[in-house]
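Structure assessment
For reference, the chains in residue letters:
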Amino acid sequence: MHRFAKPSVFLKLTGAMMPWVVALTVILTAVGLYLALIGSPVDYQQGNTVRIMYIHVPAAWMGLFCYVGMALCGAMSLIWKHPLADICARATAPVGATFTALTLVTGSLWGEPMWGTWWVWDARLTSMLILLFLYLGYIALVNAFDDPERGSKAGSALALVGAINVPIVKFSVDWWNTLHQPASVARMGGPSIDPSMLAPLLIMAFAFTGYYFIVLVLRVRLELNQRRIRALQLSGLFDERPVASGDHDELAYDQGHNAGASK
């Protein structure tokens, strides 16, 4: 796995995958939205309000998924000192924060007609709000230091400590008595949701996952290019001309990391 963490290998591999992922994500999004808004049945209790579920639930899954990925990348950055893991963690944080904020917004829109209130301080909603604060705290912390390496270490430590909140979010409805309904998809006895609703829900979840991968790759590429430019500026070789990818990316990337580490 360490071989795939090299910037040149990462860029080559993701460059080959991106067209297929983009095409698949567009198809999944179109099919998922059609089934969610038109093809799925109306709930006998909630009516058309249930269609919020097809955005709310996948966004909640992705909020948790992104944080787990960010924490794993933080651990890899602390243990193996590989800068690409730190870059992936930094690139994941804003995406995960967006998914978590979307979860809270759609949850409020769904909760008002169902519960008669926009917000309640129950375990699931409160732990999800804490997850958003952890994302925002990570983003603020990694950018609070003049030395990027110190910011990376502090952010990685926060991500690892905050990971304890992930199982709390997942099992809060089982551990405490809350207004939020219990799990209906990932449960021991199998999904309790009707297949006509489960299909668009899973399709939208895969579409959100594809979107995350696309944005992650674009943000990592941007960061690698910025580090390459900084390395060339430090070496006096930057002349506003594009630089070929491959070994030059690897060399400039390593130079940028070494320059940052030596500060």
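Calculation rules
- Residues numbered from 1 in each chain as written.
- Predicted model: local features only at pLDDT ≥ 70, side-chain atom pairs only at ≥ 80, totals over all residues.
- Heavy atoms only, no water.
- UniProt positions renumbered as here; feature names shortened; annotations may be inferred.
- Helix = DSSP H or I, 4+ residues; strand = E, 2+ residues; numbered from the N terminus.
- Core = buried A, V, L, I, M, F, W, Y, C linked by side-chain atoms within 4.5 Å.
- Buried < 20%, exposed > 50% of the residue type's maximum accessible area, 1.4 Å probe, protein only.
- Contact = heavy atoms within 4.5 Å.
- Axes fitted to C-alpha atoms, helices over the stretch in contact; angles between N-to-C directions.
- Parallel < 35°, antiparallel > 145°, perpendicular 65-115°, else oblique.
- Left-handed = near helix turned anticlockwise from the far one by under 90°.
- Disulfide = S-S within 2.5 Å.

1. Some points on the UniProt feature "transmembrane region" (unreviewed entry) in the chain
The sites that carry the UniProt feature "transmembrane region" (unreviewed entry) are, in the present numbering, residues 20-39, 59-80, 92-111, 123-145, 157-177 and 197-220. Helix and strand shares over residues 157-177 are 81% and 0% respectively, and the end C-alpha atoms of the span are 32 Å apart. From the first C-alpha to the last, residues 197-220 spans 35 Å; its make-up is 100% helix and 0% strand.

2. What to know about the nonpolar core
One recurring pattern in soluble globular proteins is that nonpolar side chains are buried together. Core analysis: the largest hydrophobic core is formed by 48 residues, its most contacted members being M53, Y67, M70, F99 and V220. Elements with a contribution of two residues or more to this core: α1 (7-39), α2 (53-80), α3 (83-115), α4 (123-142), α6 (165-175) and α7 (195-235). The contacts of V220, once residues within four sequence positions are left out, are F10, L84, I87, C88 and A91.

3. Structural notes on the packing of α4 against α6
Interhelical geometry of α4 versus α6 gives an angle of 160° and a closest axis separation of 8 Å. Judged by the inter-axis angle, α4 sits roughly antiparallel to α6. Seen along the crossing, α4 lies across α6 with a hand that is left-handed. Along its contact with α4, which presents A123, R124, S127, M128, I130, L131 and L134, the element α6 presents N165, I168, V169, K170, S172 and V173.

4. Here's the deal with the state of the cysteines
Tallying each qualifying case throughout the model produces zero disulfides. Cysteine C88 is unpaired, with the sulfur of C73 as its nearest cysteine sulfur at 5.0 Å. What makes C88 buried here is its relative accessible area of 14%.

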